[in-house]
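Examination of the molecular architecture
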Amino acid sequence: MRTQVVIIGAGPSGLLLGQLLHNAGIDNVILERQSADYVLGRIRAGVLEQVTVDVLDEAGVGERMHREGLVHEGFDLLWQGRRHRIDLKGLTGGRSVLVYGQTEVTRDLMAARQRSGRTSVYEARNVAIHDFDGTRPWVSYEKDGVAQRLEADFIAGCDGFHGVSRASVPRSAITEYERVYPFGWLGLLADTPPVHEELIYVNSPRGFALCSMRSRTRSRYYLQVPLSDTVEGWSDQAFWDELRRRLDPAAAEALVTGPSIEKSIAPLRSFVAEPMRFGRLFLAGDAAHIVPPTGAKGLNLAATDVKYLADALIEHYHERSEAGLAHYSERCLRRVWRAERFSWWFTSLMHRFPGEGEIAQKFQEAELDYLVHSEAGARTLAENYVGLPLDFGLAPGR
Ligand code: RFL
Ligand code: PHB
């Protein structure tokens, strides 16, 4: 079999790339290791930047997102038992974020993929990529026990942090930067009304907490927990009790609890692989970089990588120009490092770090106090949270 672009991974990066290329008349095949149901079962991101909303609109998958997504014009920071609102809209000249779950984004993209009639192979086993440093890359895999070979012009590695694409690059050709944080996030999803109409990010001496949501009737909460904790060790009751202890009295009182639909522990990591292009292999999304979820940037970075890559491939096929492909890695990494910095900073501000003592808590509280009372401080937080524009820091025309 032959195609123009083979895409490894049917997460949001792979599906979005497939859709943008399809809309431009570029043939592509998606190979995914898991089943579609498994992919939809992973509960992850919840906050979309305007830039991401725009790319999803461009892909033609925005209709339900606009109908069901919740526009958020601010969020609360909570410490020392008191909440302070960050007015995203007021501080950024009218910008906001959209709360719409990654599961729903993925569902919309899967439906569009189905309508496109392009090939997606789920449960593709032993995917391996070959000759991407030459002119004729190809991919081997197994489907239902039968070996397959797929030839392509380009390979897009959209296969997440544990995928095969980045792992196939010779170690001498890649530089990896990594920080692993000494705690995780225990997430719980429940069909209960959210405790507040906006998100609450909590700095408490007991550890970070986050009150988020998926809809007006579905809540998503997170607790900072030691990496040694297990999901089995946290009953729903223990989760709700601990969350209440980290909230302010009014929120603790208003919290509606109920049985969990999903509970999982995610490790926190900052990671960047440079470069993001190796001959005819392009990495996008979590395959190339990971941010801790505190800044809600992971899915948004994936969407901008994919936007840059789709534009570059369209330029290659339609205009016979290699400029976009040549600049792909540099363009992405500039944006990636800005989001990495913000996510690391916000994580450092909001979590308890083992062994750092009470003075660290005092430093954090003083910084939070500064942030919410200084317009410059609050604006710095707000403009990073809503997402920097695609052309941020670029000379006009670049
Ligand atoms: P994904 O979603 O990991 O998808 C990669 C896909 O590739 C498949 N795959 C393979 N396929 C074939 N062959 C192989 N050898 C393969 N190896 C892997 C996998 O099965 C999978 O289907 O990466 P992608 O598409 O780049 O998307 C990235 C996002 O998923 C991720 O950045 C976000 O979820 C991060 N994130 C958040 N991002 C936000 O923008 N806003 C948020 O509010 C937010 N909250 C979060 C988050 C991530 C979290 N966790 C669990 C890590 C909250 C959490 C708790
Ligand atoms: C979520 O709803 O899953 C979520 C929201 C904001 C974050 C991280 C995760 O910063």
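Our subject is the structure that appears above.
A brief report on the enclosed structure follows. Since this is a predicted model, take the numbers as computed values, not measurements. Residue numbers run consecutively from 1 along every chain, following the written order of its sequence. A letter from A marks each chain and a number from 1 marks each ligand, given out in the order of writing. Restriction of local features to residues with pLDDT of at least 70 applies here, the model being predicted, together with a cutoff of 80 or more for giving and counting side-chain atom pairs; totals for whole chains, interfaces and linings are based on all residues. The side-chain values count all of the structure's non-hydrogen atoms but skip hydrogen atoms and water molecules.

**Details of the sheet that holds strand 17 (residues 260-274)**
What counts is decided by this rule: Strand pairing follows a simple DSSP-based rule, namely that at least 2 bridges must link the two strands. Helix numbering and strand numbering both begin at the N terminus, where a helix is a DSSP run of H or I of at least 4 residues and a strand a DSSP run of E of at least 2. In what follows, residue pairs with any heavy atoms lying within 4.5 Å of each other are defined as contacts. For every element, the axis is a line fit to its C-alpha atoms; helices are fit only across the contacting stretch, and the angle between N-to-C directions ranges from 0 to 180 degrees.
A sheet is described by the order of its strands in space; here 8 strands give the open sequence 6-5-14-15-16-13-17-20, paired in mixed fashion. Looking at strand neighbours, the two that pair on one side only are strand 6 (82-86) and strand 20 (289-290), the edges of this open sheet. Across 2 bridges, strand 17 lies against strand 20 in antiparallel orientation. Bridge assignment links Val272 to a residue of strand 20, and that residue is His289. On the sheet, helix 11 (residues 323-350) packs against strand 5 (75-79), strand 13 (175-190), strand 14 (200-202), strand 17 and strand 20 and is oriented at approximately 125° with respect to strand 17.

**Quick look at the site of ligand 1**
The following threshold applies: Summary of the distance rule: residues count as near a molecule or strand when at least one heavy atom falls within 4 Å of that molecule or strand. Side-chain atoms alone can form a polar contact between residues adjacent in sequence; in general such a contact is a pair of N or O atoms within 3.5 Å, and within protein one must be able to donate a hydrogen while the other accepts it.
Ser13, Glu32, Gln102, Asp286 and Leu299 are the nearest of the 32 residues found near ligand 1. In the model, an oxygen atom of ligand 1 is placed 2.7 Å from a nitrogen or oxygen of the Arg42 side chain. In this structure, Gly298 approaches ligand 1 through a main-chain N or O atom, which is 3.2 Å from an oxygen atom. Elements with a contribution of two residues or more to the shell around ligand 1: helix 1 (12-23) and helix 10 (298-319). With 3 residues, helix 10 is the single largest residue contributor to the shell around ligand 1.

**As for the site of ligand 2**
Here is the rule: Areas reported here follow the Shrake-Rupley algorithm with a probe of radius 1.4 Å; residue values treat only the protein chains shown as occluding.
Lining the immediate environment of ligand 2, one finds 14 residues, of which Tyr201, Ser212, Arg214, Tyr222 and Pro293 sit closest. A distance of 2.6 Å is found between an oxygen atom of ligand 2 and a side-chain nitrogen or oxygen belonging to Ser212. Contact with the protein chains hides 96% of the accessible area of ligand 2, taken as 280 Å² for the molecule alone. Of all the secondary structure elements, the ones that give two or more residues to the shell around ligand 2 are strand 15 (209-213) and strand 16 (219-225).

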